[in-house]
Amino acid sequence: MNDRFWYVAIGGQQQGPWSTAEVQDSIRSGRFGRDAYVFSEGMANWVPITSQPELASAFGPAVSSAPPPPPPMRSAAHEIDYELFGQEMQYVEITLDPGEACVAEAGAFLYMEPGIEMATIFGDGSGQEGSGLMGKLLTAGKRVLTGESLFMTVFSNSGGTRQKVAFASPYPGRIVALDLKQHGGRILCEKDAFLCAAKGISVGIAFQRKLGAGLFGGEGFLLQKLEGDGLAFVHSGGTVFDKVLAPGETLRVDTGCLVAFESTVNYDIQMVKGIKTAFFGGEGLFYASLTGPGRIWLQSLPFSRLAKRVLAAIPRGAGNRKGEGSILGDLGEMVMGD
């Protein structure tokens, strides 16, 4: 209706009457916005200006504003700080802010400052134990399958200032710090490699999908599975180093030298070719085949290899050895009557 007149209310102030053309011009000039209300003869009450088609058309097509970016995801794991000390026998010192906590394997504890409190819990304290006692027992029971303790220890900072707690490796080697959110949120490692982690990291088990890897991999059908978005620490024997495998790239390693690998890496066990090499090569019948893409961590001295050498050096038979340092060795023992 070209002869219709409108009253326009903006911020509680009434203006008009205006013709339809005048209201449309004011809209196009920016004088009236979409928050204005209008009233005209025959209407029972004020209505939004956009509810009248002849006036709303002056605003043009509605511009859909882009939704605001989602708020940053809060880390499920506590954000801890750390520092590594030592060379052959390393320990890690973790600094906790008030309210922060970390978890560790039983027996890994080295020292802590007065504001740290420790508590023994079922499972790993990641909050993924399930509801009720049975859920917690099931999660803790999975850890027993990997040879670990049924319990873990939580170290919490209950003070008002930053406090420190430290954990040590159980045998000579290196500690590796893994930020799981940089590795797809999951790392698989040998079943006794885990040392400690920020609270919120899940320490579970991973079943081998291939029969060969399960039977002959040296770790049975189980590996430790570390999941989360925070820091976890694993220990290894000797020197530890990492390699990045390109897609399709394969590396064959001694089964005991594998420390950890990303979940994108394909892990399998293959038999050494050749009868003589397999039985007389001294390297065992099987090796691990790792195919990329992904990062792997290897150790130069697996603890099992070190233990075999120690066992081989233990004196056989009863009694004290009189010629342990003798260059004559076993011949000298025979002469001396050992």
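In this text, all values refer to a predicted model and were calculated from it rather than measured experimentally.

**Q** Give me the lowdown on the overall build of the protein, citing residues and values where you can.
**A** When helices and strands are tallied, the protein shows 7 helices and 23 strands. A burial count over the protein gives 40% of its 338 residues as buried. A total of about 19,300 Å² of accessible surface is found on the protein, and carbon and sulfur atoms cover 57% of it.

**Q** Pulling in residues and values, what's your account of the sheet that holds strand 11 (residues 163-168)?
**A** Taking strand neighbours across the sheet as the criterion, the 4 strands line up as 5-6-11-8 in an open arrangement whose pairing is antiparallel. The outermost strands of the open sheet, each flanked by one partner alone, are strand 5 (81-85) and strand 8 (109-112). Strand-to-strand twist across the sheet, computed as the mean angle between neighbouring axes with direction ignored, equals 20°. When strand 5 meets strand 6 (residues 91-96), the two strands line up antiparallel, connected through 5 bridges. Bridge pairing in strand 6 links Leu84 to Val92.

**Q** Outline the confidence of the model for the protein, supporting the account with residue identities and numerical values.
**A** This prediction gives the protein a mean pLDDT of 78; 71% of its residues lie at or above 70. Predicted confidence is poor over residues 322-328, with pLDDT under 50, and the contacts of this stretch with residues over four places away or in other chains come to 2 contacts. A low-confidence stretch, residues 334-338 (pLDDT under 50), is modelled with 4 contacts involving residues beyond four sequence positions or located in other chains.

**Q** I'd like to hear about the packing of aromatic side chains, residue by residue, with values.
**A** Here a ring pair, both rings aromatic, is described through the centre-centre distance and the interplanar angle of the planes. Inspection of the entire model under this criterion finds 9 aromatic pairs. Centroid distance Tyr82 to Phe233: 5.1 Å. Interplanar angle 75°. Geometry classified as edge-to-face. On the criterion of sequence distance, the pair formed by Tyr82 in strand 5 and Phe233 in strand 17 (residues 231-237) is long-range, its members being 151 residues apart. A relative accessible area of 39% places Tyr82 in the partly exposed class.

**Q** Give me the lowdown on a nonpolar patch on the surface, citing residues and values where you can.
**A** Taken together, the side chains of Phe109, Met112 and Met118 present a nonpolar region at the surface, about 250 Å² in accessible area. By the element assignment, Met118 lies in strand 9 (residues 116-122).

**Q** Which residues make up the sheet that holds strand 4 (residues 47-48), and what are the values?
**A** Where strands meet in a sheet, backbone hydrogen bonds hold them as pairs that are either parallel or antiparallel. What the 4 strands build is an open sheet, ordered 2-1-3-4; its pairing is antiparallel. Only two strands of the sheet have a single neighbouring strand rather than two, namely strand 2 (13-19) and strand 4. In this structure, strand 3 (residues 37-40) lies alongside strand 4, joined through 2 bridges in antiparallel fashion. From the neighbouring strand, Val38 faces strand 4, where its bridge partner is Val47.

**Q** Which residues make up the side chain of Asn157, and what values go with them?
**A** Relative to the assigned elements, Asn157 resides in strand 10 (residues 151-157). Once you skip the residues sitting within four places of it in the chain, Asn157 turns out to touch Leu96, Asp97, Pro98, Gly99, Glu100, Gly115, Ile116, Arg162 and Gln163.

**Q** Explain the environment of Ala197 to me, using residue names and the numbers behind them.
**A** Following the sequence through the fold, Ala197 ends up in strand 14 (residues 194-198). Through-space distance from the C-alpha of Ala197 to that of Glu105 is 9.3 Å; in sequence the pair is 92 residues apart. Setting aside residues no more than four positions away along its own chain, Ala197 makes contact with Cys102, Val103, Leu231, Ala232 and Phe233.

**Q** Can you break down the pairing of strand 1 (residues 5-10) residue by residue, with the values?
**A** Each regular strand shows side chains that alternate between the opposite faces of the sheet. Across 5 bridges, the pairing between strand 1 and strand 2 is antiparallel. Each bridged residue has a counterpart across the sheet, and for Trp6 the counterpart in strand 2 is Trp18. Pairing analysis gives 4 bridges linking strand 1 to strand 3, with the strands arranged antiparallel. Counterpart to Trp6 in the pairing with strand 3 is Ser40.

**Q** Which residues make up the pattern of salt bridges, and what values do they have?
**A** Scanning all chains against the criterion turns up 9 salt bridges. One salt bridge connects Asp97 with Arg162, and the closest N-O pair in it is separated by 2.6 Å. Here Asp97, found in the loop between strand 6 and strand 7 (101-104), pairs with Arg162, found in the loop between strand 10 and strand 11; they are 65 residues apart in sequence, far enough to count as distant. Owing to a relative accessible area of 24%, Asp97 belongs among the partly exposed residues under this scheme. Taking relative accessible area as the criterion, Arg162 reaches 44% and is therefore assigned partly exposed. The residue Glu227 makes a salt bridge to Arg186 at a minimum N-O spacing of 2.7 Å. With Glu227 in strand 16 (residues 222-227) and Arg186 in strand 13 (residues 186-189), this residue pair connects regions lying 41 residues apart in the sequence. Overall, the relative accessible area of 33% leaves Arg186 in the partly exposed class. One connected set of salt bridges, linked through shared partners, spans Asp81, Asp97 and Arg162.

Cut-off values and rules
Residues numbered from 1 in each chain as written. Predicted model: local features only at pLDDT ≥ 70, side-chain atom pairs only at ≥ 80, totals over all residues. Heavy atoms only, no water. Helix = DSSP H or I, 4+ residues; strand = E, 2+ residues; numbered from the N terminus. Buried < 20%, exposed > 50% of the residue type's maximum accessible area, 1.4 Å probe, protein only. Areas by Shrake-Rupley, 256 points an atom, 1.4 Å probe, with all protein chains shown as cover. Pairing = 2+ DSSP bridges. Axes fitted to C-alpha atoms, helices over the stretch in contact; angles between N-to-C directions. pLDDT = per-residue confidence, 0-100. Contact = heavy atoms within 4.5 Å. Phe/Tyr/Trp six-rings, centres within 6.5 Å; stacked < 30°, edge-to-face > 60°. Patch = residues over 30% accessible without salt bridge, like charges linked within 9 Å, V, L, I, M, F, W, Y side chains within 5 Å. Salt bridge = Lys/Arg side-chain N within 4 Å of Asp/Glu carboxyl O.

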